[in-house]
Amino acid sequence: AGAFVVAAGIKWKGFEADDTDELGDKERNAIRDVYSNKGRQMRKKRRLGRPKARMLKNVPEEALLKQGEANMFYATGDYEKAAKLLVEVVKMAPSLHDSYHTLGLVHEAMGNTKKAVDFLMIAAQISPKDRSLWLMLAEKCDELKMFKQSNYCYTQAIKNSGDKEVDLHWKRAHVLSKLGEVKKAMKDIQVVEQLVPKNMDVQIFLSSLFEQARDYDKAMTTLLDAAPGVIESVNDLPPKLALPLTSLYIKQGRYKDALALAGSCLSTKEIPDGTVLLGLQANAGMSALRLDPPDKESGNMYLDKVYGESAADRPEVFLGIADAFYESGEVKSALKFYQKLVGIKNYDEMALYVKMAECQERSESLDDAKQTYRTILSRIRPNTVEHLEVSILLAELLDKCSDTEEVLQVLDKLEQAAPIEIDDMENRVQKKICNVYKREALLNYKHGRHERFVGIMLPILLFVWPQSK
């Protein structure tokens with residue numbers, strides 16, 4: 001139960017029972033009224049000369065006093081007291097912008113970034129012309145990889161900007177690219193090109209959009225046109241343009257061309273930009289290993305140079321190499337590069353450890369794989385889809401190793417966990433969770449837990465059967 005903001009088809013969850021004091025129905029209804037224009041009397045546009053005090057006529061004096069007191073607690077670092085007071089303010093004045101804004105700042109200071117975004121979103125909906133707040137929200141959503149929400153917030157920030165701002169269109173284009181909205185991203189880049197013509201970084205990104213749309217000819221032409229002056233061959237390109245061109249060659253399977261261009265740059269040009277140098281070495285190494293027959297000596301030479309560098313400087317390069325090895329079945333090499341990403345922000349996440357565990361399992365390092373799965377489980381909340389999925393992966397591995405007692409321990413913990421509610425989830429996610437539950441059911445059946453098998457399968461059948469009609 002809680003307050004929800006619906007914006008552009010996005011569901012934003014606000015208060016939760018485990019967050020602060022639970023709000024009553026009256027308070028929740030009052031918050032919802034804000035978004036149906038029933039609670040915005042105090043936010044209506046003032047006429048000239050209208051006393052400002054009238055804007056706050058629906059806000060009790062006590063709420064304003066508590067808001068001020070909460071601000072003091074926030075300023076002095078007493079976040080728990082600030083949060084408690086602010087929830088009281090919300091109960092008294094659900095349409096007061098400042099209480100949600102400050103709650104967002106309080107939760108951010110406490111490290112609850114997701115909750116901070118929830119409260120700041122409510123504040124932004126109440127005060128929809130606050131450009132700086134929309135921009136703050138967009139950047140926070142971007143950090144959390146909530147790209148749909150980030151796109152919505154950048155759009156609101158653009159709407160509330162007086163003039164066209166390069167930075168806003170540039171950032172929204174990158175978010176749209178991540179969402180696969182290539183045509184929309186190109187429209188933003190057209191705006192950027194008008195404001196900043198003949199910019200190499202803009203042309204490189206535009207080329208990547210053409211590449212994403214699988215228009216490789218335009219992608220290549222865009223890179224060549226971005227070169228300063230006249231060039232006689234691709235070997236004349238500056239390293240900054242040679243790097244995306246080698247990536248494009250690799251995407252097209254032109255490994256010989258990629259290796260030749262990267263090798264030429266690395267041997268004949270000074271490359272002061274460390275990230276470009278690392279990228280060219282990586283592309284040269286991967287291209288050499290993908291030749292038919294592979295040039296393992298050259299490939300390993302280039303990749304050893306990459307491996308010797310810090311992954312923190314260019315983590316996407318290490319991830320790209322690891323993924324390429326993983327997809328080609330060279331799991332030991334993949335694991336080596338995945339492990340370099342441990343501890344790096346935005347990369348040290350569940351997906352990384354699952355890939356590491358899979359590599360360990362496929363290379364028969366089963367004890368290491370078990371430990372990696374247990375590490376993941378210690379870092380994620382129980383009663384979540386992620387916890388369920390990793391628990392089943394661990395149980396299946398333990399079953400493969402004939403560790404029956406440990407399998408039963410995992411299954412016991414899953415039986416004690418609360419079931420995951422899937423009614424409001426996307427159909428794709430529902431199917432994924434149902435498949436994970438089926439795997440749990442089969443493990444229970446295999447180990448003689450027939451009653452638990454029926455207990456899992458019956459709700460799945462009742463859920464799936466009406467959808468199949």
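Everything numeric here is computed off the predicted structure, so don't read it as measured data.

Hey, could you go over the nonpolar core for me, with residue numbers and the actual values?
Judged by nonpolar contacts, the single largest core of 57 residues is most densely connected at V306, I321, F325, F337, Y338, Y373 and L388. In terms of residues, this core owes the most to one element, helix α20 (residues 385–400), which gives 9 residues. Among the nonpolar cores identified, the runner-up in size contains 38 residues, and L206, L241, L245 and L248 belong to it.

So what about the confidence of the model for the protein? Which residues, and what values?
Across the protein, the average pLDDT comes to 85, with 86% of residues at or above 70. Helix α8 (residues 166–178) holds the highest mean pLDDT among the elements of the protein, 96, whereas strand β1 (residues 4–7) holds the lowest, 32. Here residues 1–22 is modelled with pLDDT under 50, and outside its nearest four sequence neighbours on either side it reaches 61 contacts, counting other chains as well. In the model, residues 34–55 has pLDDT below 50 throughout and makes 30 contacts with residues more than four positions away in sequence or in other chains.

For the environment of P239, give the residues involved together with the corresponding values.
Of note, P239 is situated in helix α12 (residues 239–251). Residue P239 is classed as buried on the basis of its relative accessible area, which comes to 14%. Separated by 25 residues in sequence, P239 and S264 have C-alpha atoms that sit 9.8 Å apart. If we ignore the near neighbours within four places in the chain, the residues touching P239 are C265, K269, E270, I271, V276 and L280.

Explain the packing of aromatic side chains to me, and be specific about the residues and the numbers.
Each aromatic ring pair is specified by the distance between its two centres and by the angle formed by the two planes. Throughout the structure, instances matching the rule amount to 8 aromatic pairs. Seen from their ring centres, Y307 and F337 are 5.4 Å apart, and the 75° between their planes marks the pair as edge-to-face. Highlighted residues: Y307 in helix α15 (residues 296–307) and F337 in helix α17 (residues 331–339), separated in sequence by 30 residues. Taking relative accessible area as the criterion, Y307 reaches 28% and is therefore assigned partly exposed. Ring plane angle 70° and centroid distance 6.4 Å describe the contact between Y326 and Y338, whose orientation is recorded as edge-to-face. Taken together, the residues Y326 in helix α16 (residues 315–327) and Y338 in helix α17 connect sequence positions 12 residues apart. The class of Y338 is buried, set by a relative accessible area of 1%. Here the aromatic cluster, defined as three or more aromatic residues joined through ring pairs, consists of Y307, F318, F325 and F337. Lying over the aromatic face of Y326, K355 brings its terminal NZ or CZ to 4.9 Å of the ring centre. Here the basic side chain of R362 rests over the ring of Y326, its NZ or CZ set 5.1 Å away from the ring centre.

If you had to explain the pattern of salt bridges to someone new, which residues and values would you point to?
On inspection of all chains with the given rule, the structure shows 26 salt bridges. Of the charged contacts, one joins K114 and D118 as a salt bridge, the two residues approaching to 3.1 Å between their closest N and O atoms. Residue K114 and its partner D118 are both found in helix α5 (residues 113–126); the two are separated by 4 residues, about one turn of the helix. Given a relative accessible area of 41%, K114 falls into the partly exposed group. When the shortest N-O distance is used, the salt bridge between E139 and K171 registers 2.8 Å. Note that E139 is positioned in helix α6 (residues 131–143) and K171 in helix α8, a separation of 32 residues in sequence.

Can you lay out a nonpolar patch on the surface for me, pointing to particular residues and giving the numbers?
There is a patch of nonpolar side chains on the surface, built from V454, L458 and L462 and spanning about 290 Å² of accessible area. If you trace the backbone, L462 turns up in helix α23 (residues 450–468). Relative accessible area serves as the criterion here: at 59%, L462 is assigned to the exposed category.

Any chance you could break down α6 for me, citing the residues and the numbers?
In a regular helix each residue adds 1.5 Å, so 13 residues correspond to 18 Å; α6 covers 19 Å between its end C-alpha atoms and thus fits that length. Among the residues of α6, those classed as buried are L133, W134, L135, L137, A138, K140 and C141. The positive-phi residue at the C-terminal boundary of α6 is K145, with phi of around 60°.

Please provide a residue-by-residue account of the side chain of H101, values included.
Following the sequence through the fold, H101 ends up in helix α4 (residues 97–109). Residues contacting H101, with those up to four places away along its chain left out, are L120, A123, L133 and M136.

Residue-level account of the packing of helix α11 (residues 216–225) against α12, with values.
One can describe the packing of α11 onto α12 by two numbers: an axis separation of 10 Å at closest approach and a directional angle of 165°. Judged on the interaxial angle alone, α12 and α11 are roughly antiparallel. In the packing of α11 onto α12, the handedness of the crossing is left-handed. When α11 is examined against α12, the residues Y216, A219, M220 and L223 are found in contact with a partner set consisting of L241, P244, L245, L248, Y249 and K251. Among the residues making up the contact of α11 with α12, the classes are represented as 9 nonpolar, no polar and 1 charged.

Rules of the game
- Residues numbered from 1 in each chain as written.
- Predicted model: local features only at pLDDT ≥ 70, side-chain atom pairs only at ≥ 80, totals over all residues.
- Heavy atoms only, no water.
- Core = buried A, V, L, I, M, F, W, Y, C linked by side-chain atoms within 4.5 Å.
- Buried < 20%, exposed > 50% of the residue type's maximum accessible area, 1.4 Å probe, protein only.
- Helix = DSSP H or I, 4+ residues; strand = E, 2+ residues; numbered from the N terminus.
- pLDDT = per-residue confidence, 0-100.
- Contact = heavy atoms within 4.5 Å.
- Phe/Tyr/Trp six-rings, centres within 6.5 Å; stacked < 30°, edge-to-face > 60°.
- Lys NZ or Arg CZ within 6 Å of the ring centre and 35° of its normal.
- Salt bridge = Lys/Arg side-chain N within 4 Å of Asp/Glu carboxyl O.
- Patch = residues over 30% accessible without salt bridge, like charges linked within 9 Å, V, L, I, M, F, W, Y side chains within 5 Å.
- Areas by Shrake-Rupley, 256 points an atom, 1.4 Å probe, with all protein chains shown as cover.
- Expected span 1.5 Å × (residues − 1).
- Axes fitted to C-alpha atoms, helices over the stretch in contact; angles between N-to-C directions.
- Parallel < 35°, antiparallel > 145°, perpendicular 65-115°, else oblique.
- Left-handed = near helix turned anticlockwise from the far one by under 90°.
- Nonpolar A, V, L, I, M, F, W, Y, C, P; charged D, E, K, R; others polar.

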